Amino acid sequence: MAKKNFTGGLNSLFGANYEEDKKPKRGRPKTQFKEITKTSQEGTKEKETRATFIVNEDLLDKVKAIAYWDRKLIKEVIEESLLNTINKYEKKNGAIKPIPKK
């Protein structure tokens, strides 16, 4: 009868066998390597950040309805609205100057 080897089980309990712990990573390889400077940028695409706003409930319902019927994301509808507002402002007042740093 062959001898049984119990060292693999004990080593894995005590962490001595590192080769078993190295499993290949699953999923898609990381393709975006943007520098995150704020926590609001985590999990977003390049040139995007997360923002929180208080908005009228009726307006939000309408934005959600527009997104639903146009088959768009809510963020796409809001982005289009912001771009339209900025373009309209710039036509009337000229280019928007950045806020001075303190």
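This one's a predicted model, so the numbers in the text were calculated from it and none came from an experiment. (Residues numbered from 1 in each chain as written. Predicted model: local features only at pLDDT ≥ 70, side-chain atom pairs only at ≥ 80, totals over all residues. Heavy atoms only, no water.)

Enquirer: Would you explain the overall build of the protein chain in this entry?
Expert: The secondary structure content of the protein chain amounts to 4 helices and 0 strands. Counting only residues that meet the buried cut, the protein chain has 5% of its 102 residues in that class. In the protein chain, of all internal contacts separated by at least 6 residues, the share reaching a separation of at least 24 is 3%. (Helix = DSSP H or I, 4+ residues; strand = E, 2+ residues; numbered from the N terminus. Buried < 20%, exposed > 50% of the residue type's maximum accessible area, 1.4 Å probe, protein only. Contact = heavy atoms within 4.5 Å.)

Enquirer: How should the packing of aromatic side chains be read in this particular structure?
Expert: Each pair of aromatic rings is reported with the distance of its centres and the angle of its planes. With the rule as written, the count across this model stands at 1 aromatic pair. Above the face of the Tyr-68 ring, Arg-71 is positioned so that its terminal group lies 5.1 Å from the ring centre. (Phe/Tyr/Trp six-rings, centres within 6.5 Å; stacked < 30°, edge-to-face > 60°. Lys NZ or Arg CZ within 6 Å of the ring centre and 35° of its normal.)

Enquirer: Would you explain the pattern of salt bridges in this entry?
Expert: As a working rule, side chains carrying opposite charge can pair if their charged atoms are close by. Scanning the model with the defined rule gives 2 salt bridges in all. Two residues, Lys-75 and Glu-48, come together in a salt bridge whose shortest N-O distance is 3.0 Å. You can see Lys-75 sitting in helix α4 (residues 74-93) and its partner Glu-48 sitting in the loop between α2 (18-21) and α3 (57-70), a full 27 residues away along the chain. Among the residues examined, Lys-75 registers a relative accessible area of 42% and is labelled partly exposed. We classify Glu-48 as partly exposed; its relative accessible area is 28%. Residues Glu-80 and Lys-72 are paired through a salt bridge, measuring 2.8 Å at the closest nitrogen-oxygen approach. (Salt bridge = Lys/Arg side-chain N within 4 Å of Asp/Glu carboxyl O.)

Enquirer: Even after reading the chapter, I still don't get α4, so can you show me in this structure?
Expert: Three- or four-residue spacings in an α-helix give side chains the same orientation, since the helix completes a turn every 3.6 residues. Relative to the 28 Å expected for 20 residues at 1.5 Å per residue, α4 spans 28 Å between its end C-alpha atoms, a close match to the ideal helical length. The positive-phi residue at the C-terminal boundary of α4 is Gly-94, with phi of around 90 degrees. (Expected span 1.5 Å × (residues − 1).)

Enquirer: Explanation requested: a nonpolar patch on the surface in the structure shown.
Expert: On the surface, a nonpolar cluster with roughly 520 Å² of combined accessible area is contributed by Ile-74, Ile-78, Leu-82, Ile-86, Tyr-89 and Ile-96. Looking at the element boundaries, Ile-74 is found in helix α4. (Patch = residues over 30% accessible without salt bridge, like charges linked within 9 Å, V, L, I, M, F, W, Y side chains within 5 Å. Areas by Shrake-Rupley, 256 points an atom, 1.4 Å probe, with all protein chains shown as cover.)

Enquirer: Looking at this structure, I do not really get the packing of α3 against α4. What am I missing?
Expert: Between two packed helices, what matters for the description is the angle formed by their axes and the separation of those axes. At a closest axis distance of 8 Å, the pairing of α3 and α4 adopts a crossing angle of 110 degrees. Between α3 and α4, the crossing angle belongs to the class labelled roughly perpendicular. Across the interface between the two elements, Val-63, Lys-64, Ile-66 and Ala-67 from α3 touch Ile-74, Val-77 and Ile-78 from α4. Tallied by class, residues from the contact of α3 with α4 come to 6 nonpolar, no polar and 1 charged. (Axes fitted to C-alpha atoms, helices over the stretch in contact; angles between N-to-C directions. Parallel < 35°, antiparallel > 145°, perpendicular 65-115°, else oblique. Nonpolar A, V, L, I, M, F, W, Y, C, P; charged D, E, K, R; others polar.)

Enquirer: Quick question: what am I supposed to make of α3 here?
Expert: For α3, built from 14 residues, the straight-helix expectation of 20 Å at 1.5 Å per residue is met to within 8% by its first-to-last C-alpha distance of 20 Å. Sitting at the amino-terminal end of α3 is Asn-56, which places a side-chain oxygen 2.7 Å from the backbone nitrogen of Asp-58. Looking one or two residues past α3, Arg-71 carries a phi angle of roughly 55 degrees, positive in sign. (Polar contact = N/O pair within 3.5 Å; in protein donor to acceptor, adjacent residues only side chain to side chain.)

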